Amino acid sequence: EVLSGRLHTSHAFHSAMMDGAIDALTLAAKKISFKAPSLPYISCLSGDWATKQQATSPEYWARHCRESVRFARGISTLAKGQDADS
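These numbers were taken from a predicted model, which means no experiment stands behind them.

A.B. asks: Even after reading the chapter, I still don't get the overall build of the protein, so can you show me in this structure?
C.D. replies: Along the protein, the regular secondary structure elements total four helices and zero strands. Along the protein, helices (α) and strands (β) appear in the sequence α-α-α-α when read from the amino end. Along the longest, intermediate and shortest principal axes, the C-alpha atoms of the protein span 40 × 30 × 20 Å. Expressed as a percentage of the 86 residues in the protein, the buried residues total 21%. Summarising the internal contacts of the protein: among those between residues at least 6 apart in sequence, 58% fall at separations of at least 24. For the protein, the exposed area adds up to about 6600 Å²; of that, 56% sits on carbon and sulfur atoms.

Structure representation (C-alpha cells):
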C-alpha cells in the first residue's frame, strides 16, 4: 500500500531552503527496499539514463528535493534513444 496526499509547502523545492530536509529524507528512504527498475527511465538529476546503483540508493532519492531538474538534458537524452548498453 502506498499512501499519498497533497503536499502543502511554504517554499520552493530544489532550493537551498531544502538543505535541512536531506538528512531526514535519506533516513526515511533507507527504510525502503529499493529494487532495480524493470524499465529504463531518465534521471531528473543527471538528465541521463538512470543506473541500477542510482535507482536503489536512498541518497540518490533524497537528493531529488535539492538538486536542479535536468529537464532539457533529459529530453535530449530521450531524443537520442537508448543504446544497447543502457
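Back to the text.
A.B. asks: For this particular structure, what's the right way to read the packing of aromatic side chains?
C.D. replies: Given two aromatic rings, one states the distance between the centres and the angle between the planes to describe the pair. According to the stated counting rule, one finds two aromatic pairs in the structure shown. With a centroid separation of 6.3 Å and 15° between ring planes, the pair formed by phenylalanine 34 and tryptophan 61 is classed as stacked. In this pair, phenylalanine 34 sits in the loop between helix H1 (22–29) and helix H2 (52–55) while tryptophan 61 sits in helix H3 (residues 58–62), placing the two residues 27 residues apart along the sequence. Taking the relative accessible area as the measure of exposure, phenylalanine 34 reaches 26% and is therefore partly exposed. Judged by centre distance (5.0 Å) and plane angle (80°), the ring pair of tyrosine 60 and tryptophan 61 falls under edge-to-face.

Reading guide: rules and limits
Residues numbered from 1 in each chain as written. Predicted model: local features only at pLDDT ≥ 70, side-chain atom pairs only at ≥ 80, totals over all residues. Heavy atoms only, no water. Helix = DSSP H or I, 4+ residues; strand = E, 2+ residues; numbered from the N terminus. Buried < 20%, exposed > 50% of the residue type's maximum accessible area, 1.4 Å probe, protein only. Contact = heavy atoms within 4.5 Å. Areas by Shrake-Rupley, 256 points an atom, 1.4 Å probe, with all protein chains shown as cover. Phe/Tyr/Trp six-rings, centres within 6.5 Å; stacked < 30°, edge-to-face > 60°.

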